[in-house]
Amino acid sequence: MNIVHLTDTTVAYMPARFVDLINRYTKHNAALVQVRPFMFGNPLNIKSYNAPEDVSLLLEKADVLHFHGSTIFEREAVGKLDIKPWLHKPHVLHYHGSPQREAPARYQRPRETL
């Protein structure tokens, strides 16, 4: 099974750690699509992809898409690459933290004045 992890940022290196663990300890293949570069180095030496031609090739071969956070999923794009053609594939939307952190405006209640 080919699993593609998609993220905007490093999210405490969790997407890279998942890719590393899947490739190291299972018979499955995992790849990382990461829009922004690693902020504090790349301790696991995980190759991340963000060039549209690389990303579209990975998505074409993917059996499962694993979205880390909702940003890419909601925009339906990786950078300028439209990913709608691949959203019919099985996918996971993985929140790191709470939905309030992902989209705070959606979850805020109006404040009452005292």
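This text goes with the structure placed above it.
One structure accompanies this document, and this report is about it. (Residues numbered from 1 in each chain as written. Predicted model: local features only at pLDDT ≥ 70, side-chain atom pairs only at ≥ 80, totals over all residues. Heavy atoms only, no water.)

### Overview of the packing of aromatic side chains
What the rule picks out here adds up to two aromatic pairs. An angle of 15° between the planes, with centres 5.7 Å apart, marks the rings of Tyr 13 and Phe 38 as stacked. With a gap of 25 residues between them, Tyr 13 in the loop between β1 (2-7) and α1 (14-25) and Phe 38 in the loop between β2 (29-34) and β3 (48-49) connect regions that are remote in the sequence. With respect to class, Tyr 13 is no different from Phe 38; both count as buried. For the pair Phe 67 and Phe 73, a centre-to-centre distance of 5.2 Å together with 65° between the ring planes defines the contact as edge-to-face. For Phe 67, a relative accessible area of 0% translates into the label buried. Judged by relative accessible area, Phe 73 falls into the partly exposed class, the value being 24%. Just above the ring of Tyr 49 sits the side chain of Lys 47; from NZ or CZ to the centre is 4.8 Å. (Phe/Tyr/Trp six-rings, centres within 6.5 Å; stacked < 30°, edge-to-face > 60°. Helix = DSSP H or I, 4+ residues; strand = E, 2+ residues; numbered from the N terminus. Buried < 20%, exposed > 50% of the residue type's maximum accessible area, 1.4 Å probe, protein only. Lys NZ or Arg CZ within 6 Å of the ring centre and 35° of its normal.)

### Here's the deal with the sheet that holds β2
Sheet strands line up and pair through hydrogen bonds in the backbone, either parallel or antiparallel. Taken in spatial order, the five strands line up as β3-β2-β1-β4-β7 in an open sheet, and their pairing is parallel. Every other strand in the sheet has two partners, leaving β3 and β7 (91-94) as the edge strands with one partner each. Examined bridge by bridge, β1 and strand β4 (residues 64-68) share four bridges and lie parallel to one another. If you follow Val 4 over to β4, its bridge partner there is Leu 65. Packing of α1 onto the sheet brings it into contact with β1, β2, β4 and β7, and relative to β2 it is tilted by some 165°. Helix α2 (residues 52-61) contacts β1, β2, β3 and β4 of the sheet and is inclined by roughly 135° relative to β1. (Pairing = 2+ DSSP bridges. Contact = heavy atoms within 4.5 Å. Axes fitted to C-alpha atoms, helices over the stretch in contact; angles between N-to-C directions.)

### Regarding α1
The α-helix winds at 3.6 residues per turn, so residues separated by three or four positions along the chain end up facing the same way. Between its terminal C-alpha atoms α1 stretches 16 Å, which fits the 16 Å expected from twelve residues at 1.5 Å a residue. The complete set of buried residues in α1 reads Pro 15, Ala 16, Val 19, Asp 20 and Ile 22. Along the axis of α1, the buried positions cluster into a sector of 170°, meaning they face one direction only. Exposed and oriented more than 90 degrees from the buried face of α1 are Arg 24 and Tyr 25. (Expected span 1.5 Å × (residues − 1). Arc of directions from axis to C-beta.)

### Considerations on the environment of Gly 79
Mapping Gly 79 onto the fold places it in the loop between β5 (77-78) and β6 (81-82). What makes Gly 79 partly exposed here is its relative accessible area of 48%. C-alpha of Gly 79 to C-alpha of Asn 50: the two residues are 29 residues apart in sequence and 7.7 Å apart in space.

No statement about biological role is implied by the geometric values presented.
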